[in-house]
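# Observations on chain architecture
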Amino acid sequence: GENVEQHPSTLSVQEGDSAVIKCTYSDSASNYFPWYKQELGKRPQLIIDIRSNVGEKKDQRIAVTLNKTAKHFSLHITETQPEDSAVYFCAAIETGANNLFFGTGTRLTVIP
Amino acid sequence: DVKVTQSSRYLVKRTGEKVFLECVQDMDHENMFWYRQDPGLGLRLIYFSYDVKMKEKGDIPEGYSVSREKKERFSLILESASTNQTSMYLCASRKQQTAQETQYFGPGTRLLVL
């Protein structure tokens, strides 16, 4: 089955700096890669996703890149703000599968 | 707007008690999931269901069972609660049309087993 690894487990950045979270996956059949953000005491929510036919996707300050050959994908947050502080989870799934495979999460702290 | 609700936000139970956690979604999703979330371990899948009365074991099913009698409702059962089942439990649902569907989570139930 699929195995998703996520690094780092914790990340602290100064407000305004960029943050990068990296994930690798093992199953080359995986073709959809969502990212979830979980603020303290709240439920995880989808913030961005990428499909395997795309190398990069951007939504305002958030971008995700995918390298299918190397089987890794990354979340990039630019101009970080205190409200970006949260736990971020990457995930992977292949067409026809029922359940997402999640990484172990990254706790991002943005220092004002 | 998809809503996934869970029956309790906080629960305190005694060792050996039978515990029921309920999850309800209102968007006619086929797939429903139960995860537990522990610090440093991320989201671990306990069980999932892709249809009424259907269930599949996830990564950590031991000590748990599930029930899906209706499409909108997915219950997690701890037959005899133990202290190592103290955790945050998250329910989720997703439409089955393709794998590339957003998965929606409930607010979570924080369970403490004494």
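Refer to the structure above for everything that follows.
Right, let's walk through the structure included here. (Residues numbered from 1 in each chain as written. Chains lettered and ligands numbered in written order. Predicted model: local features only at pLDDT ≥ 70, side-chain atom pairs only at ≥ 80, totals over all residues. Heavy atoms only, no water.)

Time to look at the pattern of salt bridges. Tallied over the full model, the rule gives 12 salt bridges over all chains. Note that D84 of chain A and R61 of chain A form a salt bridge whose closest N and O atoms lie 2.9 Å from each other. With a gap of 23 residues between them, D84 of chain A in the loop between β8 (72–77) and β9 (86–92) and R61 of chain A in the loop between β6 (56–59) and β7 (62–67) connect regions that are remote in the sequence. With a closest N to O distance of 3.8 Å, K71 of chain B and E30 of chain B form a salt bridge. Taken together, the residues K71 of chain B in the loop between β7 (64–70) and β8 (73–78) and E30 of chain B in the loop between β3 (19–25) and β4 (31–38) connect sequence positions 41 residues apart. A cluster of three or more residues bridged by salt bridges with shared partners is formed by D28, E30, K71 and K95 of chain B. (Salt bridge = Lys/Arg side-chain N within 4 Å of Asp/Glu carboxyl O. Helix = DSSP H or I, 4+ residues; strand = E, 2+ residues; numbered from the N terminus.)

Right, let's talk about the sheet that holds strand β3 (residues 19–25) of chain A for a bit. Residues and elements named next belong to chain A. Pairing is antiparallel across the open sheet formed by 5 strands, whose spatial order is β1-β3-β8-β7-β6. Both edges of this open sheet fall to β1 (4–7) and β6, since each of them pairs with a single strand only. Averaged over all pairs of adjacent strands, the angle between strand axes in this sheet comes to 15°, irrespective of strand direction. The pairing of β3 with β8 spans 6 bridges and is classified as antiparallel. Looking at the pairing, A19 lines up with I77 of β8. (Pairing = 2+ DSSP bridges. Axes fitted to C-alpha atoms, helices over the stretch in contact; angles between N-to-C directions.)

Here we take up the nonpolar core. Residues and elements named next belong to chain A. Ranked by size, the top nonpolar core spans 23 residues in total, and within it W35, F73, L75 and L108 carry the most contacts. Of all the secondary structure elements, the ones that give two or more residues to this core are β2 (10–14), β3, β4 (32–38), β5 (45–51), β7, β8, β9 and β11 (106–111). With residues up to four places along the chain from it excluded, the contact list for L108 reads L11, V13, A19, I77, D84, S85, A86 and Y88. (Core = buried A, V, L, I, M, F, W, Y, C linked by side-chain atoms within 4.5 Å. Buried < 20%, exposed > 50% of the residue type's maximum accessible area, 1.4 Å probe, protein only. Contact = heavy atoms within 4.5 Å.)

Moving on: the state of the cysteines. One pass over the full model with this rule turns up 2 disulfides over all chains. Across the disulfide from C23 of chain A sits C90 of chain A; the S-S distance is 1.9 Å. Here C23 of chain A and C90 of chain A share a disulfide; its torsion about the S-S bond, -100°, makes the bridge left-handed. In this pair, C23 of chain A is assigned in strand β3 and C90 of chain A in strand β9, connecting sequence segments 67 residues apart. C90 of chain A matches C23 of chain A in its accessibility class, with the two residues each being buried. Residue C23 of chain B pairs covalently with C91 of chain B via a disulfide, S to S 1.8 Å. (Disulfide = S-S within 2.5 Å.)

All names here are of chain B. Spatial strand order, β1-β3-β8-β7: 4 strands in an open sheet with antiparallel pairing. Of all strands in the sheet, those with a lone pairing partner are β1 (4–6) and β7, marking the two edges. Taken pair by pair, the neighbouring strands of this sheet meet at an average axis angle of 20°, ignoring direction. Where β1 meets β3, 3 bridges bridge the pair, whose relative direction is antiparallel. Looking at β3, one finds that T5 is bridged to V24.

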